[in-house]
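Residue-level structure breakdown
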Amino acid sequence: MNQKQQPHDLRTFLYRMEIRPGMYLLSDDWITALAHIIMGWKAALLCRGEFDIFEMHFFDNFSNYVHHEFNDTSTRGWFTLIKEKSMSNEESVKLFFEIFRRFEADSEQING
């Protein structure tokens, strides 16, 4: 993959990952591996000081969004909630992307 084809924002990266999650999520627990990748992405952005508006909104609000989706008031991580609702790695990643797409659509309505 050359430099032009590499994703430079979280959303693009996640959509590429969605196509073939097994290439990226090299673990027995895909949803936790996905959460770690997202946390690493955030850490890299913090080091560089470069966030786009959607990334800032995602990092600030996605966990609360997932809790709201499941009507859950605990302090557990979003990936734990998704894992508890899923029977397999594939199902957990599929559920993540279903919630992510709703979050994205709701965010666009809020942010215009």
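Every chain's residues receive numbers from 1 upward, in the order its sequence appears when written. Owing to the predicted nature of the model, reporting of local features is limited to residues with pLDDT of at least 70; listing and counting of side-chain atom pairs is limited to 80 or more, with chain, interface and lining totals taken over all residues. Hydrogens and water molecules were not included; the side-chain quantities draw on all heavy atoms of the structure.

Topic: helix α1 (residues 10–19)
In an α-helix, one turn spans 3.6 residues; hence positions three or four apart end up facing the same way. The test is simple: With a 1.4 Å probe rolled over the protein chains alone, any residue whose accessible area is under 20% of its type maximum counts as buried; one over 50% counts as exposed, and the rest are partly exposed. We count a stretch as a helix when DSSP gives it H or I for four or more residues in a row; a strand needs E for two or more, and each element gets its number in order from the N terminus. Of all possible arcs, the one meant is that of the directions from the helix axis to the C-beta atoms. Any N or O atom pair separated by 3.5 Å or less is treated as a polar contact, with the protein-specific requirement of one donor-capable and one acceptor-capable atom, and with residues adjacent in sequence counted only for side-chain atom pairs.
Buried within α1 we find L10, F13, L14 and M17. Projected down its long axis, α1 shows its buried positions confined to an angular sector of 100°, all on one face. At the N-terminal end of α1, a side-chain oxygen is found 3.3 Å from the backbone nitrogen of R11, two or three residues along, and the residue is D9.

Describing the side chain of E104
The following threshold applies: Contact between two residues is taken to exist if any of their heavy atoms lie within 4.5 Å; hydrogens are not considered.
Among the structural elements, E104 can be located in helix α6 (residues 89–111). The buried category is assigned to E104, whose relative accessible area is 10%. A distance of 2.9 Å separates a polar atom in the side chain of E104 from a polar atom in the side chain of R11. Ignoring any residue separated from it by four or fewer positions in sequence, one finds E104 in contact with R11, Y15 and F54.

Notes on the nonpolar core
Selection criterion: What is meant by a nonpolar core is a set of buried Ala, Val, Leu, Ile, Met, Phe, Trp, Tyr and Cys residues, joined one to another through side-chain atoms within 4.5 Å.
L14, I38, F58, F62, W78 and F96 are the most contacted members of the largest nonpolar core, which has 30 residues in total. When contributions to this core are tallied by element, the ones reaching two or more residues are α1, α3 (30–48), α4 (53–69), α5 (78–84) and α6. It is α3 that provides the largest number of residues to this core, a total of 8 residues. Among all residues touching F62, those that are not within four sequence positions of it are H57, W78, F96, I99, F100 and F103.

Side note on the pattern of salt bridges
Under the convention used in this document: Salt bridges are defined as contacts in which a side-chain nitrogen from Lys or Arg sits within 4 Å of a carboxyl oxygen from Asp or Glu.
What the rule picks out here adds up to 6 salt bridges. The residue E104 makes a salt bridge to R11 at a minimum N-O spacing of 2.9 Å. Residue E104 is found in helix α6, and its partner R11 is found in helix α1; the two are separated by 93 residues along the sequence. Look at R11 and you get partly exposed, because its relative accessible area is 23%. One salt bridge connects R76 with D72, and the closest N-O pair in it is separated by 2.6 Å. Note on R76: relative accessible area 32%, which makes it partly exposed. In this structure D72 comes out as buried when scored by relative accessible area, which is 18%.

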